[in-house]
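Now for the letters of each chain:
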Amino acid sequence: MLIGRKLKSLLLLFLIVVLAFLPLDGQENLFIANASEEITIDQLDESATLSEKLQAILSNERLDGALAGVSVRNEIGEELFEQYGDIRLHPASNMKLLTSAAALETLGEDYRFTTEILTDGTLTGKVLQGNVYMKGKGDPTLLKEDLDQLAIDLKEQGVLKIKGNLIGDDSWYDDVRLSMDLNWNDEPYYTGAQVSALTISPNEDYDSGTVIVEVSPSEKPGETAQVTLSPETDYVTIINKTKMVPAGQAKSISIEREHGSNNIVIEGTMPVNGTNSRSWVAVWEPTMYAIDVFKKSLEENGIELVGNSSVETGVTPTDAKLLTSRKSIELKGLLIPFMKLSNNGLGETLTKEMGRVVHDKGSWKEGLQVIHKVTTDLGVKGDTILLRDGSGMSHKTLIPATEFTKMLNNAQEKSWFPSFKRSLPIAGEPERLVGGTLRTRMTQEPTKGNVTAKTGSITGVTSLSGYVTSKDGEKLVFSIMINNYLGSSLTSIEDAIATELAKHEFGD
């Protein structure tokens, strides 16, 4: 009897042990089965459909927790593939596609901005008796050399002295300097520069409202590093807290403008043999910045302000006499740095300019109304998009991927389309104003020189929308928007999708 009880106990223990391990074994087999069901792009053969290829790419675990909206159309507008294509997503700088198309449709390819120099006074001998007005009409391409030429024009008219005030007039636009959703920590940098109808750019990238601050080494340890501005201006104040250190030591230079002021604080260490540090710093209130640089141009060309003359802002009288003016490059040329380099300031300026031209008010509200109308005229459903700025910096702008491809497809029918497409970055093309933000991406065939698209990136958002031709000559339009991702960049997934579109053969 005792032996029987012991045998039963042993059998019961054995069954418990076996049952305890069965769930683990079952879970392991389930995991293996699930893992084997995940198909990667490398496992698909050439006969796979386009949808199968793109779904394989979009199954990447790096997209877990993110949302990827994708739409692909052929040249007759048929949607060949979509994933969450009707979900409204943040486009980042893909918003510039809408702004560019609207500007071409509204302003025209040959549109030019204007800057005028006027006076309410008269010339007596070599003295201009009266105020001189510098009236800005939004030109974001105005350079120091252009202000020099305006000063030369005045000198050639016999002006050597101005007995009156030098007045900057930025009333062409409203006085709201920053778009409504711009993050405060973007404001000191060129990506968030203030928008004014009277402004100046430091070079031909046309980052208007910014000054280039360059820090270079001095000769001896213990000294401060050298700081230069381009263009030179007294409108900003440099607070140099740098320290030179012996050759070979680490360089650590920070260049920051204090919020609400034009104090630019430069800190850190610069080795004697160190390389220069350079930063494009957004200026607080760029109207006075432009006037300050123009005053220097006048002085450099022998024209001085005399008496109790001051430099200030104001509005030009309606009966003021035009002395000289300057026109910008044409819009189709301006779109190159705008789109290739993803220039935020140009996007916001174009938005206000469209508002001024169409609704006689240079504001974001009126400008966005114009963009919205042109976009809907190009086939986009107006009641499913939300537009908040012209550059894509806003985290509130919302557009579905399928609406993007509608617009891009219909834009091909417009007379201005060649200028539009020419402005887009081209994959793998190393020249900065050709490849733009795609110059180091997709550098091999079949994507190099084939994928022509706008990039976009803000925190948690990456996007790529544009045009590509498949291996068998099918012209495709695509839009990829990935939102809510964390960690490293997901541009490789965008590139993989564009590459599959370029490699794909549709057959008969």
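Up top is the structure these notes are about.
Predicted model, so just to flag it, every value in this text is computed and none were measured.

Visitor: Tell me about the packing of helix H3 (residues 95-106) against helix H9 (residues 401-411), residues and numbers included.
Guide: Orientation of H3 relative to H9, taken along the N-to-C sense of each, is 30°, at an axis distance of 11 Å. With respect to the hand of their crossing, H3 and H9 are arranged in left-handed fashion. Of H9, the residues touching H3 (which contributes Met 95, Leu 97, Leu 98 and Ala 101) are Phe 404, Met 407 and Leu 408. Of the residues assigned to the contact of H3 with H9, the class counts are seven nonpolar, no polar and no charged.

Visitor: Please set out the packing of H3 against helix H6 (residues 331-340) residue by residue, giving values where relevant.
Guide: Direction vectors running N to C along H3 and H6 enclose 175°, while the axes themselves pass 11 Å from each other. The angle between H3 and H6 places the two elements in the roughly antiparallel class. Packed against H3, whose contacting residues are Lys 96, Leu 97, Thr 99, Ser 100, Ala 103 and Leu 104, the element H6 presents Leu 331, Leu 335, Phe 338 and Met 339 at the interface. For the contact of H3 with H6, the class distribution of residues is seven nonpolar, two polar and one charged.

Visitor: Please provide a residue-by-residue account of the packing of aromatic side chains, values included.
Guide: Here the distance between the centres and the angle between the planes together describe a pair of aromatic rings. What the rule picks out here adds up to four aromatic pairs. Measuring from centroid to centroid gives 5.7 Å for Tyr 111 and Phe 113, while their planes differ by 85°, and the two rings are edge-to-face. The exposure classification of Tyr 111 matches that of Phe 113, with both residues buried. Ring geometry for Phe 417 versus Tyr 467: centroids 5.4 Å apart, planes at 80°, classification edge-to-face. Pair noted here: Phe 417 is in helix H10 (residues 417-422) and Tyr 467 is in strand E21 (residues 461-469), with a separation of 50 residues, a long-range link. Take Phe 417 and Tyr 467: they sit in the same class, and that class is buried. When the ring centre of Trp 172 is taken as reference, the NZ or CZ atom of Arg 356 above it lies at 3.8 Å.

Visitor: With reference to specific residues and values, describe the sheet that holds strand E15 (residues 277-282).
Guide: Taken in spatial order, the three strands make up an open sheet running E11-E10-E15, and their pairing is antiparallel. Unpaired on one side and paired on the other, strand E11 (226-230) and E15 mark the two borders of the sheet. In this sheet, adjacent strand axes meet at a mean angle of 25° when their direction is disregarded.

Visitor: I'd like a rundown of H3, residues and numbers included.
Guide: When the terminal C-alpha atoms of H3 are compared, their 17 Å separation across twelve residues agrees well with the 16 Å that a helix rising 1.5 Å per residue should span. With ten of its twelve residues buried, H3 lies for the most part within the structure. Looking one or two residues beyond H3, the residue adopting positive phi is Gly 108, at roughly 95°.

Visitor: Which residues make up the pattern of salt bridges, and what are the values?
Guide: Applying the stated rule across the entire model yields 28 salt bridges. A salt bridge links Glu 330 to Arg 112, with the shortest nitrogen-to-oxygen separation between them at 3.7 Å. With Glu 330 in the loop between strand E18 (321-327) and H6 and Arg 112 in the loop between H3 and strand E4 (114-119), this residue pair connects regions lying 218 residues apart in the sequence. For Glu 330, the salt bridge is made with Lys 332, and the minimal N-O distance between the two is 3.7 Å. Through salt bridges with shared partners, a single network forms among Asp 110, Arg 112, Glu 330 and Lys 332.

Visitor: Let's hear about unusual backbone geometry: which residues, and what values?
Guide: A cis amide bond links Ser 230 with the next residue in sequence, Pro 231, at an omega value of -5°. Within the element layout of this structure, Pro 231 appears in the loop between E11 and strand E12 (237-245). The amide bond that connects Glu 445 to the next residue, Pro 446, takes the cis arrangement and shows omega of 5°. Structurally, Pro 446 can be placed in the loop between helix H11 (432-435) and strand E20 (452-458). Phi at Tyr 206 takes a positive value of approximately 60°, unusual for a residue other than glycine. Mapping Tyr 206 onto the fold places it in the loop between strand E9 (166-169) and strand E10 (210-216). Tyr 206 sits in the buried class, given a relative accessible area of 8%.

Visitor: Lay out the environment of Thr 462 with the relevant residues and their values.
Guide: Locating Thr 462 in the fold gives a position in strand E21. It is 34 Å that separates the C-alpha atoms of Thr 462 and Pro 231, two residues lying 231 residues apart in sequence. At a separation of 2.7 Å, a polar atom in the side chain of Thr 462 contacts the side chain of Glu 494.

Visitor: Outline the environment of Asn 131, supporting the account with residue identities and numerical values.
Guide: Structurally, the position occupied by Asn 131 is in the loop between strand E6 (127-129) and strand E7 (132-136). Once you skip the residues sitting within four places of it in the chain, Asn 131 turns out to touch Leu 118, Thr 119, Asp 120, Gly 121, Gly 164, Asn 165 and Ile 167. At 2.8 Å, the side chain of Asn 131 forms a polar contact with the backbone nitrogen of Asn 165.

Visitor: Lay out the pairing of E20 in plain terms, naming residues and giving numbers.
Guide: Within E20, six of the seven residues are buried, which leaves it mostly tucked inside the rest of the structure. Sheet analysis places E20 next to E21, joined by seven bridges and oriented antiparallel. Bridge pairing in E21 places Thr 452 opposite Tyr 467.

Visitor: Hey, could you go over the nonpolar core for me, with residue numbers and the actual values?
Guide: One finds Met 407 and Phe 420 to be the most contacted residues of the largest nonpolar core, which totals 47 residues. Mapped by element, the contributors of at least two residues to this core are H3, H6, helix H7 (344-359), helix H8 (364-377), H9, H10 and strand E22 (475-483). Those residues in contact with Phe 420 that lie beyond four places of it in its chain are Leu 97, Ser 100, Ala 101, Leu 104, Leu 408 and Tyr 467. Residues Ile 162, Ile 255, Leu 298 and Leu 323 belong to the second largest nonpolar core, which totals 35 residues.

Procedures and definitions
Residues numbered from 1 in each chain as written. Predicted model: local features only at pLDDT ≥ 70, side-chain atom pairs only at ≥ 80, totals over all residues. Heavy atoms only, no water. Axes fitted to C-alpha atoms, helices over the stretch in contact; angles between N-to-C directions. Helix = DSSP H or I, 4+ residues; strand = E, 2+ residues; numbered from the N terminus. Left-handed = near helix turned anticlockwise from the far one by under 90°. Contact = heavy atoms within 4.5 Å. Nonpolar A, V, L, I, M, F, W, Y, C, P; charged D, E, K, R; others polar. Parallel < 35°, antiparallel > 145°, perpendicular 65-115°, else oblique. Phe/Tyr/Trp six-rings, centres within 6.5 Å; stacked < 30°, edge-to-face > 60°. Buried < 20%, exposed > 50% of the residue type's maximum accessible area, 1.4 Å probe, protein only. Lys NZ or Arg CZ within 6 Å of the ring centre and 35° of its normal. Pairing = 2+ DSSP bridges. Expected span 1.5 Å × (residues − 1). Salt bridge = Lys/Arg side-chain N within 4 Å of Asp/Glu carboxyl O. Polar contact = N/O pair within 3.5 Å; in protein donor to acceptor, adjacent residues only side chain to side chain. Core = buried A, V, L, I, M, F, W, Y, C linked by side-chain atoms within 4.5 Å.

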